[in-house]
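Report on the structure
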Amino acid sequence: ATYPEAAPNVSVGASRGLEESQRSALVEAVEAVAQENVGMPMIWSLVEAAQEMLTEFNKTGDCAICLEALNGGDGGGDGSSCVVRTACYHRYHVSCLGEYWASQVGQE
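Residues numbered from 1 in each chain as written. Predicted model: local features only at pLDDT ≥ 70, side-chain atom pairs only at ≥ 80, totals over all residues. Heavy atoms only, no water.

So, the layout of surface pockets
One number sums up the size of the largest pocket: a volume of about 700 Å³. Every residue lining the largest pocket is counted, 23 residues in all, and those nearest its centre are Arg 16, Gly 17, Leu 18, Asn 58 and His 90. Contributions of two or more residues to the lining of the largest pocket are made by α2 (43-57) and β2 (91-93). Of all the elements, α2 adds the most residues to the lining of the largest pocket, at four residues. For the lining of the largest pocket, the class distribution of residues is 10 nonpolar, nine polar and four charged. (1 Å grid on protein atoms, 1.4 Å probe; cavity = no way out; pocket = protein on both sides within 12 Å on 5 of 7 lines; lining within 4 Å. Points joined across faces, edges and corners; volume = space filled by probe spheres on them. Helix = DSSP H or I, 4+ residues; strand = E, 2+ residues; numbered from the N terminus. Nonpolar A, V, L, I, M, F, W, Y, C, P; charged D, E, K, R; others polar.)

Take a look at the structure:
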C-alpha cells in the first residue's frame, strides 16, 4: 500500500544542533502521529508534530551568538537573559541578537 493507506517513511537528514536522543525522539513522535493517521491525509499533522517537538527542544540550550545558556525564560531587566524566538524558531538572547544585527547593518 502507498500513502495515505500506509504511513510514510519518517527520517531526519542533517540536523545541526540536535542531539542524537532528540533526533530519535523527533522521529518516534512523528512516526506515532503517522500511525494514528493511516488512511487519511496527514502531511500537515506530521509537520505540526515535528514543529512542536523542535519548539520544545529550543526552550533550552545555548544562544548561538554568545554560547551562554538561554535558561528557557524571559527574565532579566537588562535584556541579557530575555529570549527572543525568530520566525525560523531559533532562540537568542535579545541583547545578543540586537548587537549582532547592529553590527551587520553597520557593515553595509
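Considering the nonpolar core
Ranked by size, the top nonpolar core spans nine residues in total: Leu 26, Val 30, Val 33, Ala 34, Met 42, Leu 46, Ala 49, Ala 50 and Phe 57. Secondary structure elements with two or more residues in this core: α1 (20-36) and α2. Setting aside chain neighbours within four positions, we find Met 42 in contact with Tyr 3, Pro 4, Ala 7, Pro 8, Ala 34 and Asn 37. (Core = buried A, V, L, I, M, F, W, Y, C linked by side-chain atoms within 4.5 Å. Buried < 20%, exposed > 50% of the residue type's maximum accessible area, 1.4 Å probe, protein only. Contact = heavy atoms within 4.5 Å.)

Re a nonpolar patch on the surface
Taken together, the side chains of Tyr 3, Ile 43, Trp 44 and Val 47 present a nonpolar region at the surface, about 410 Å² in accessible area. In this structure, Trp 44 sits in helix α2. (Patch = residues over 30% accessible without salt bridge, like charges linked within 9 Å, V, L, I, M, F, W, Y side chains within 5 Å. Areas by Shrake-Rupley, 256 points an atom, 1.4 Å probe, with all protein chains shown as cover. Salt bridge = Lys/Arg side-chain N within 4 Å of Asp/Glu carboxyl O.)

Some thoughts on the side chain of Gln 22
With respect to the helices, strands and loops of the structure, Gln 22 is situated in helix α1. With a relative accessible area of 16%, Gln 22 lands in the buried category. Not counting residues within four places of it along the chain, the set of residues in contact with Gln 22 comprises Gly 17 and Phe 57.

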